[in-house]
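Read off the chains here:
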Amino acid sequence: MKIICIGRNYAAHAEELNHLIRGGAEYPAEQSRQAGGGTEYPSGLRQIGSATECTAELPRLNRNATGCTAEPSPQAGDGAETLPERNRPGCGECSPEPIWFLKPDTALLRNNDPFYIPDFTQEVHYECELVVRIDRLARHIAPRFAHRLYAEVGLGIDFTARDLQREAIANGWPWERAKGFASSAAVAPQFVPVAELGDIRQLHFTLEINGEVRQRGYTGDMIFGVDELLSHVSRYITYRTGDLFFTGTPAGAGPVERGDVLRATLEGRELLNFEIR
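Residues numbered from 1 in each chain as written. Predicted model: local features only at pLDDT ≥ 70, side-chain atom pairs only at ≥ 80, totals over all residues. Heavy atoms only, no water.

Caption draft 1: Inspection of the sheet that holds strand 17 (residues 212–218) at higher detail. If you trace the four strands from one edge of the open sheet to the other, you get 17-16-20-21, paired in antiparallel fashion. The outermost strands of the open sheet, each flanked by one partner alone, are strand 17 and strand 21 (269–275). Averaged over all adjacent pairs, the angle separating strand axes in this sheet is 15°, with direction ignored. Pairing between strand 16 (residues 204–209) and strand 20 (residues 261–266): five bridges, direction antiparallel. Across the sheet, residue F205 finds its bridge partner in strand 20, namely L266. (Pairing = 2+ DSSP bridges. Helix = DSSP H or I, 4+ residues; strand = E, 2+ residues; numbered from the N terminus. Axes fitted to C-alpha atoms, helices over the stretch in contact; angles between N-to-C directions.)

Next up, the structure:
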């Protein structure tokens, strides 16, 4: 069983992540929560609490071999992809194709068991994500067939040792220490049939910490949709039944502390509820 994780799949989080990696607590979402106001991102995204408001012109994401560029796009008529209105990035933050990495199966945290902060890090961050459970053997799947790979989705938390991640980036090291440690992938004990939820491109999920909403996700805001992600990664690896696919986190990621209680809902259904110790 593999745990596949997608990075930088929500524009506001992609910008937020630069602040997280550079400076720890002083990033826009945290400043906004502390001050009760809004913070302007360079691209025109305004972070207000855990929600995102766009003040920029609508860009068009052109994916090519050299990167991506943003252009005003009154209409999408030439094959370029127009991003959802709430997901307008400055393209300095986005990638021309999905960014992904793996966690070992020993990273799984199941059954709403407590998460214990490891002793080798001083800064563990939460990232709430929609999780797809793969239910068949497959490889190199076209996007139009990717929906056949799954029937249920759930929620998960990608825990990251942010201080170790900064160190790895600064030295050009791999990120396994920061991302793949034991219990760093909390997964809901129940998965929900997609047939009961509706269009996978229009799902809402929420993460609360100690009763305060910290993240609000909407799959329509993803830079790369679920089926596009599954198709892309299948070019490189073979899926097996039971593989878990984390699809990326929205803005609002931040640190956890001992005693925190994390609660996550998908379309109003509570799927995660556990304590940090």
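Next comes the rest of the write-up.
Caption draft 2: A look at the pairing of strand 20. Strand direction decides the pairing type here: strand 20 and strand 21, joined by six bridges, are antiparallel. Following the sheet pairing, A264 is matched in strand 21 by L272. From the end of strand 20 to the start of strand 21, which pair antiparallel, there are two residues, and E267 there has a positive phi angle of about 50°.

Caption draft 3: Layout of the packing of aromatic side chains. This model, assessed by the stated rule, comprises five aromatic pairs. Judged by centre distance (6.0 Å) and plane angle (40°), the rings of W100 and Y236 are tilted. A residue pair is termed long-range when its members are at least 10 positions apart, and W100 in strand 8 (residues 99–103) and Y236 in the loop between helix 6 (226–234) and strand 18 (244–246) qualify at 136 residues. When the ring of F120 is compared with that of F181, the centres are 5.7 Å apart and the planes differ by 80°; the resulting orientation is edge-to-face. Taken together, the positions of F120 in the loop between strand 9 (108–109) and strand 10 (124–126) and F181 in the loop between helix 4 (176–179) and strand 14 (185–187) put the pair 61 residues apart, joining distant regions of the chain. A connected cluster of aromatic rings, assembled from ring pairs, spans F115, F159 and F274. A cation over a ring is seen here: R133 above F191, with NZ or CZ 4.4 Å from the ring centre. (Phe/Tyr/Trp six-rings, centres within 6.5 Å; stacked < 30°, edge-to-face > 60°. Lys NZ or Arg CZ within 6 Å of the ring centre and 35° of its normal.)

Caption draft 4: View of unusual backbone geometry. Despite not being glycine, N111 shows a phi value in the positive range, around 60°. Looking at the secondary structure, you find N111 in the loop between strand 9 and strand 10. Notably, N112 is not glycine yet its phi reads approximately 55°, a positive angle. In this structure N112 comes out as partly exposed when scored by relative accessible area, which is 24%. (Buried < 20%, exposed > 50% of the residue type's maximum accessible area, 1.4 Å probe, protein only.)

Caption draft 5: Region of interest: the sheet that holds strand 10. Reading across from one edge, 13-10-19 is the order of the three strands in this open sheet, with antiparallel pairing throughout. One side of each edge strand has no neighbouring strand; the edge strands of this open sheet are strand 13 (160–161) and strand 19 (254–255). The sheet contact formed by strand 10 and strand 19 spans two bridges and is antiparallel. Within strand 19, the residue paired with Y126 across the bridge is G254.

Caption draft 6: Main features of the nonpolar core. I157, F159, L230, L262 and F274 are the most contacted members of the largest nonpolar core, which has 55 residues in total. If we ignore the near neighbours within four places in the chain, the residues touching L262 are Y126, I157, F159, L207, E208, I209, V256, L272, N273, F274 and I276. Membership of the second largest hydrophobic core comes to 11 residues, among which are I3, A107, A185 and F246. (Core = buried A, V, L, I, M, F, W, Y, C linked by side-chain atoms within 4.5 Å. Contact = heavy atoms within 4.5 Å.)

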